[in-house]
Amino acid sequence: MQDSTFWWRGGVIYQIYPRSFLDSNGDGIGDLPGITEKLDYVASLGVDGIWLSPFFTSPMADFGYDISDYRDVDPMFGTLEDFKTLLRHAHALGLKVIIDQVISHTSDQHPWFQESRCDRDNARADWYVWADPKPDGTPPNNWLSIFGGSAWTFDPRRRQYYLHNFLIEQPDLNFHNPAVRDAQLDNMRFWLELGVDGFRLDTVNFYFHDAQLRDNPALDPGEAKTLGAPEANPYTWQRHVHDISRPENLDFLKQLRALMDEFPGTTTVGEIGDDHPLERMAEYTAGGDKLHMAYTFDLLNAPRSPAYIHEVIERFQRLAGDAWPCWALSNHDVMRSATRWGADEDSEAYPKITLAMLLSLRGSVCLYQGEELGLPEADVPFERIQDPYGKVLWPDFKGRDGCRTPIPWTDDIQGGFSRVEPWLPVDTRHLLRAVSRQEARADSLLNSVRALIAFRREHPALFDGDLRLVDIGDELLGFVREHDDERLLCVFNLGGQARECRLPEHGALLDAPGFTARLENDSLHLPAYQAAYLRLD
Ligand code: GLC
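Residues numbered from 1 in each chain as written. Predicted model: local features only at pLDDT ≥ 70, side-chain atom pairs only at ≥ 80, totals over all residues. Heavy atoms only, no water.

### A word on the overall build of the chain
And step 1. From N to C terminus, the chain includes 15 helices and 21 strands.
And step 2. Whereas a compact globule of 537 residues would reach a radius of gyration of roughly 24 Å, the chain reaches 23 Å, a difference of no more than 12%.
And step 3. Based on the C-alpha atoms only, the size of the chain along its principal axes is roughly 80 × 50 × 50 Å.
And step 4. When the 537 residues of the chain are sorted by exposure, 62% land in the buried category.
And step 5. Put simply, 69% of the contacts in the chain that link residues at least 6 apart link residues at least 24 apart.
And step 6. Carbon and sulfur atoms make up 50% of the accessible area of the chain, which totals about 19,900 Å².
And step 7. If you average the places of the 52 positive and of the 85 negative side-chain charges in the chain, the two averages end up 0 Å apart. (Helix = DSSP H or I, 4+ residues; strand = E, 2+ residues; numbered from the N terminus. Rg over C-alpha atoms; globule rule 2.2 N^0.38 Å. Buried < 20%, exposed > 50% of the residue type's maximum accessible area, 1.4 Å probe, protein only. Contact = heavy atoms within 4.5 Å. Areas by Shrake-Rupley, 256 points an atom, 1.4 Å probe, with all protein chains shown as cover. Lys, Arg positive; Asp, Glu negative; His and termini not counted. Charge placed at Lys NZ, Arg CZ, Asp CG, Glu CD.)

If you want it as structure tokens, here you go:
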């Protein structure tokens, strides 16, 4: 049995986007009591814990990623008491609870910013990143906002610009100021004392900026854009050396880890968007004195091919040492993988093979709500688009609403999510994949995912073993997972055609949930979309 302090190592974390999980009070928006009502369902998946996207007080310019009170619940989602109830219920079911911490920036409605913007001499004058215009009145440098335009907005009161890596309504805090760092660590302590089991750290490599405000260089012509932002976004044209991922951040992450270590058994998972994400993930999670885990967009935005996935794993393995990744194929920021990768594939078999692959990687796993149902990206018409990012770049990039629509609990009207028209429409294709329908079929994707999670749990090599890639041909992905005396060869056929390969070593096929493969004289036959797990001698 695993030491409970390290529950997160190899654990499966189910991400809940509160607005779209279950609406308990009939306002068309999901809420905390709705989540509590469905915790039995979450526990039935066999996951180790949940990550709740933000439910804090917020004007909702970026749907909660713009916080105006770090220590309270937005009335839209319920009350602090509702959160405590949720936490109690989750713990009673053996589920850990990780909450989002968006500490890099606040809402422009946060009292800190309201005070800071008044003049240049107030007590919080230096809590945000303020800078004088250039002599010609233009912004201090060439930094861009991910959500469009300059990262600087002029405030006439101070006659200065302030920095925002995201929306104008999300001013960036000045982490060079120790009072800011302490205030945010205190906010985190508040939730740790309440009993949460850890944090998902929003934009964890964005905390610091270059104090000299140097311009970012342009990418060289033909140089790969690795940030994973949509092609249509000029943010990807720069090399982000001065606005993010500053070396000073490492010391702060150590300070943050010292706080976490006061609460044994808690964990952190950082979100990394960077020009060199795997390098950063290795840097931030190695050594046991910074983050516990981190995730990147390498499998979240990527093109699909076994060769590409092989390359990502290989690159990370080369850097890793004791670094610990958290892999994800979907979340609230990217197109659902069933569509992004599986648009032309079998809609039931394809999500299953990709989830089997995900659940076999070395590291922890985030599973995004609805992924266990194989939901495709919802089609949201322009009139219903809510995401400001989608409005700016439409129609080249339609924003993030398509992965944020309500969970279909039943195939009734509104998918049993709400009594009224929800904040984002329920895609009618989702009703066919509703929880109620899938519960009724033993071989549904939902039941397969439960079996796959249980299978991972039964095999220490899968949740905590080392990983070594094996070359098994371009069309298949293969690696060996090893823990003490358990050695498993895992092979995945992510495509729609049957494949064959020779085993690199003798092995015996394990009975893996719902997969059919054949082994004849060390030759492995894998039908379309099938995985094979073999115990090596
Ligand atoms: C992260 C969040 C995203 C949000 C952004 C700004 O990338 O996942 O939803 O818009 O940070 O906080």
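Anyway, onward from the coordinates.
### Description of the pattern of salt bridges
And step 1. Inspection of every chain in the model, using the stated rule, returns 37 salt bridges.
And step 2. Where Arg 239 meets Asp 220, a salt bridge forms, and the shortest distance between an N and an O atom there is 3.6 Å. Within this pair, whereas Arg 239 is found in the loop between strand E9 (198-201) and helix H6 (249-261), its partner Asp 220 is found in the loop between E9 and H6, the two being separated by 19 residues in sequence.
And step 3. The partner of Arg 315 in a salt bridge is Glu 311, and the shortest N-O contact between them spans 3.7 Å. (Salt bridge = Lys/Arg side-chain N within 4 Å of Asp/Glu carboxyl O.)

### Quick notes on H6
And step 1. Between its first and last C-alpha atoms H6 spans 18 Å; for 13 residues at 1.5 Å apiece the expected length is 18 Å, and the two agree.
And step 2. Among the residues of H6, those classed as buried are Asn 249, Phe 252, Leu 253, Leu 256, Arg 257, Leu 259 and Met 260. In an axial view of H6, the angular spread of the buried residues amounts to 155°, which keeps them on one side of the axis.
And step 3. Here the buried face of H6 lies against helix H5 (178-194), E9, strand E10 (267-271) and helix H7 (277-285). (Expected span 1.5 Å × (residues − 1). Arc of directions from axis to C-beta.)

### Digging into the packing of aromatic side chains
And step 1. Under the criterion given, the structure shown has 36 aromatic pairs.
And step 2. Here Phe 113 and Tyr 162 contribute two aromatic rings whose centre-to-centre distance is 5.0 Å and whose plane-to-plane angle is 70°, an arrangement assigned as edge-to-face. Here the residue Phe 113 occupies a position in helix H4 (residues 111-116), and Tyr 162 occupies one in strand E8 (residues 160-163), the gap between them amounting to 49 residues. Pair check on accessibility: Phe 113 and Tyr 162 agree, each one buried. (Phe/Tyr/Trp six-rings, centres within 6.5 Å; stacked < 30°, edge-to-face > 60°.)

### Description of the site of the ligand
And step 1. Taken together, 14 residues sit near the ligand, with Asp 62, Asp 202, Glu 271, His 332 and Asp 333 positioned nearest.
And step 2. Between the ligand and the protein, one listed contact pairs an oxygen atom with a side-chain N or O atom of Asp 202 at 2.9 Å.
And step 3. In the environment of the ligand, an oxygen atom lies 2.9 Å from a nitrogen or oxygen atom belonging to the side chain of Arg 400.
And step 4. Coverage of the ligand by the protein amounts to 96% of the 310 Å² it exposes when considered alone.
And step 5. Along the lines of polarity and charge, the residues of the shell around the ligand split into three nonpolar, four polar and seven charged. (Near = heavy atom within 4 Å. Polar contact = N/O pair within 3.5 Å; in protein donor to acceptor, adjacent residues only side chain to side chain. Nonpolar A, V, L, I, M, F, W, Y, C, P; charged D, E, K, R; others polar.)

### Observations regarding the nonpolar core
And step 1. Core analysis: the biggest nonpolar cluster contains 138 residues, and Tyr 14, Leu 52, Phe 55, Phe 83, Ile 99, Phe 492 and Tyr 533 have the highest contact counts within it.
And step 2. Apart from the residues within four sequence positions on either side, Ile 99 is in contact with Leu 52, Phe 55, Phe 56, Phe 83, Trp 191, Val 196, Gly 198, Phe 199 and Arg 200.
And step 3. Judged by nonpolar contacts, the second largest core, of 13 residues, contains Val 470, Val 491, Cys 501 and Ala 532. (Core = buried A, V, L, I, M, F, W, Y, C linked by side-chain atoms within 4.5 Å.)

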